[in-house]
Amino acid sequence: MSMNGGIVEGWTAQFALMLLVATVVAAVARRLRLPYEVALVLTGLAIAAPHAFSLPSLDPELLLFAFLPPLLFDASFRIDVRELRTVARPVVLLAVPGVLVTAVLVGVAVAWLLGLPLATGLLFGSIVAATDPVAVVALMRQLHLPPRMSVVSEAESLINDGMAITLYIVFLELSLGHTIGLGGALGLLASEVVGGLAIGAALGFAFSRATALIDDPLIEMTLSTALAFGSYLLADSLHMSGALACVAAGLVHGSYGRSIGMSDRTSERLDLLWEYLGFAANAIIFLLVGFTADLGAFVRNLWPVVVAVLAVLVARVVVVELVGALMARSPVSIPPRERLVLVWAGLRGALTLALALGLPLAAPHRALLIDMAFGVVLVTLLGLGLTLPVLVRRLDLPPEPSARAPMI
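Note that this is a predicted model, so its numbers are computed, not measured. (Residues numbered from 1 in each chain as written. Predicted model: local features only at pLDDT ≥ 70, side-chain atom pairs only at ≥ 80, totals over all residues. Heavy atoms only, no water.)

**Considering the confidence of the model for the chain**
Overall, the prediction assigns the chain a mean pLDDT of 82, with 88% of residues at 70 or greater. Put simply, helix H8 (residues 133–143) is where the chain has its lowest mean pLDDT, 67, and helix H6 (residues 97–114) is where it has its highest, 94. Low pLDDT, under 50, characterises residues 400–408; the stretch is placed with 22 contacts to residues that sit more than four places away or in other chains. (pLDDT = per-residue confidence, 0-100. Helix = DSSP H or I, 4+ residues; strand = E, 2+ residues; numbered from the N terminus. Contact = heavy atoms within 4.5 Å.)

This is the structure in structure tokens:
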């Protein structure tokens, strides 16, 4: 067998084993009524702790190009567009200015309390500014919250990563000593966000029209899969937001595509396809988070991790309360109990780790920023993720009328 064949065989065996472990853990977590993504992280930590096995690590490029498109497309394809229209204002406030405010608050706090350069602090702020679509969508879909709350949390996590990645690029340049003016930063933001959304919407429209001409579920499922990965890769190759392109493509294909000729049989099969692909990608990512986490970093950098976690939590409270105040007189105002749930839903996950691990070797304080990012991810995933179901039960929020089904 050739060397390349051995590498492929090794990766295939690891992938199959991770799927098997994820299936068993998810089944046990369901019986114990634990969020399965939290159970997967704990399992990954438990397997990695003895250092008895050679485990795969969380590769940023693999995460972004292989696992992120199905996760984003799954959530956007099945989201309730009618509910999304009603909560568009709070979603945009949380996902765009909210990310900027979070990055600045966290960056200033970290720089001041840890004695880091302001540019380095702002870079870390951009790494942890966005709630993670992988973590938030997976958890929200298990809680059976009122539809409006689920849509706000899910849509925020789907949209805000484009803003966070743009800030990451800008602050990385500043931390490396390069200059980028306000005009350059705004141009970069426009290119990433507007360009990504435009590409995704255009491809979603084109693929929806193509789907309307076909009445073969297998072909339509293949087209949908090509749309998810193709929209992400095309936008990324043009230096635009692949994540936002994938979200826009999923929204258009899941709403417009259904309405112009997708049969009930095809619609049902596509929902099941994306639900499965989303689950499989989620499972692999959360296991990889557990495998990759360095618990020794908590001991080595306990104070910086504590500062980072507290800064992220405080910034989340500030942003949610500001949005709540701005929406107070709106028909879609956010009551205090719902704002508390939004604060608790500020999970950070694989996207934060991908940005941290993707820092160039020349980035100042790179190792410290990675350790702090892992700390924020683990504390929010395990702390907030485990306690959010308890909080929802204590608040006695009105549940959905029925168990959550695929949204059309």
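**Some thoughts on the pattern of salt bridges**
Opposite charge on two side chains permits them to pair, given that their charged atoms come into close proximity. Enumeration over the complete set of coordinates arrives at five salt bridges. Measuring nitrogen to oxygen at the nearest pair gives 3.7 Å for the salt bridge that ties aspartate 371 to arginine 300. Residue aspartate 371 is found in helix H18 (residues 366–395), and its partner arginine 300 is found in helix H14 (residues 296–300); the two are separated by 71 residues along the sequence. Between glutamate 321 and arginine 339 there is a salt bridge, with its nearest N and O atoms 3.3 Å apart. Taken together, the residues glutamate 321 in helix H15 (residues 302–326) and arginine 339 in helix H16 (residues 336–344) connect sequence positions 18 residues apart. Looking at glutamate 321, the relative accessible area reads 36%, which means it is partly exposed. (Salt bridge = Lys/Arg side-chain N within 4 Å of Asp/Glu carboxyl O. Buried < 20%, exposed > 50% of the residue type's maximum accessible area, 1.4 Å probe, protein only.)

**Re unusual backbone geometry**
Unusually for a residue other than glycine, histidine 239 sits at a positive phi of about 60 degrees. Within the secondary structure, histidine 239 sits in the loop between helix H11 (217–237) and helix H12 (242–259). Phi angles above zero are rare outside glycine, and histidine 365 is one such case at about 60 degrees. Within the secondary structure, histidine 365 is located in the loop between helix H17 (350–357) and H18.

**Quick look at the packing of H6 against H15**
Between H6 and H15, the shortest axis-to-axis distance is 9 Å and the interhelical angle comes to 145 degrees. Once H6 is placed against H15, the crossing between them reads as right-handed. Taken together, the residues of H15 that come into contact with H6 (itself represented by Gly98, Val101, Thr102, Leu105, Val106, Ala109, Val110, Leu113 and Leu114) are Trp303, Pro304, Val307, Ala308, Ala311, Val312, Ala315, Val318 and Val319. Looking at side-chain class alone, the contact of H6 with H15 contains 16 nonpolar, two polar and no charged residues. (Axes fitted to C-alpha atoms, helices over the stretch in contact; angles between N-to-C directions. Left-handed = near helix turned anticlockwise from the far one by under 90°. Nonpolar A, V, L, I, M, F, W, Y, C, P; charged D, E, K, R; others polar.)

**Things to note about the packing of aromatic side chains**
In total, this model carries four aromatic pairs according to the counting rule given. Here the aromatic rings of phenylalanine 73 and phenylalanine 77 are separated by 5.9 Å at their centres, their planes lie at 15 degrees, and the arrangement is stacked. A residue pair is termed a helical-turn pair when its members lie 3 or 4 positions apart in one helix, as phenylalanine 73 and phenylalanine 77 do in helix H3 (residues 60–77) at four residues. Residue phenylalanine 73 shares its accessibility class with phenylalanine 77, and that shared class is buried. The interplanar angle of 45 degrees and the centroid separation of 4.6 Å between the aromatic rings of phenylalanine 73 and tryptophan 274 together place this pair among those described as tilted. Residue phenylalanine 73 is found in helix H3, and its partner tryptophan 274 is found in helix H13 (residues 264–292); the two are separated by 201 residues along the sequence. Taken individually, phenylalanine 73 and tryptophan 274 each receive the classification buried, so the pair is uniform in this respect. The structure contains a cluster of three or more aromatic residues connected by ring pairs, namely Phe73, Phe77 and Trp274. (Phe/Tyr/Trp six-rings, centres within 6.5 Å; stacked < 30°, edge-to-face > 60°.)

**Description of a nonpolar patch on the surface**
Together, Leu17, Leu20, Val24, Val28, Leu32, Leu34, Leu42 and Leu386 give the surface a local cluster of nonpolar side chains, amounting to about 700 Å² of exposed area. For the nonpolar patch, the element with the highest residue contribution is helix H1 (residues 3–32), accounting for five residues. Within the secondary structure, valine 28 is located in helix H1. (Patch = residues over 30% accessible without salt bridge, like charges linked within 9 Å, V, L, I, M, F, W, Y side chains within 5 Å. Areas by Shrake-Rupley, 256 points an atom, 1.4 Å probe, with all protein chains shown as cover.)

**Observations regarding the packing of helix H5 (residues 88–95) against H15**
It is at 10 Å that the axes of H5 and H15 come closest, and there the two elements cross at 145 degrees. As for the relative orientation of H5 and H15, their crossing is right-handed in sense. In this structure, H5 uses Arg89, Pro90, Leu93 and Leu94 to contact H15, whose residues at the interface are Val319, Val320, Val323 and Leu326. The residue makeup of the contact of H5 with H15, split by class, is seven nonpolar, no polar and one charged.

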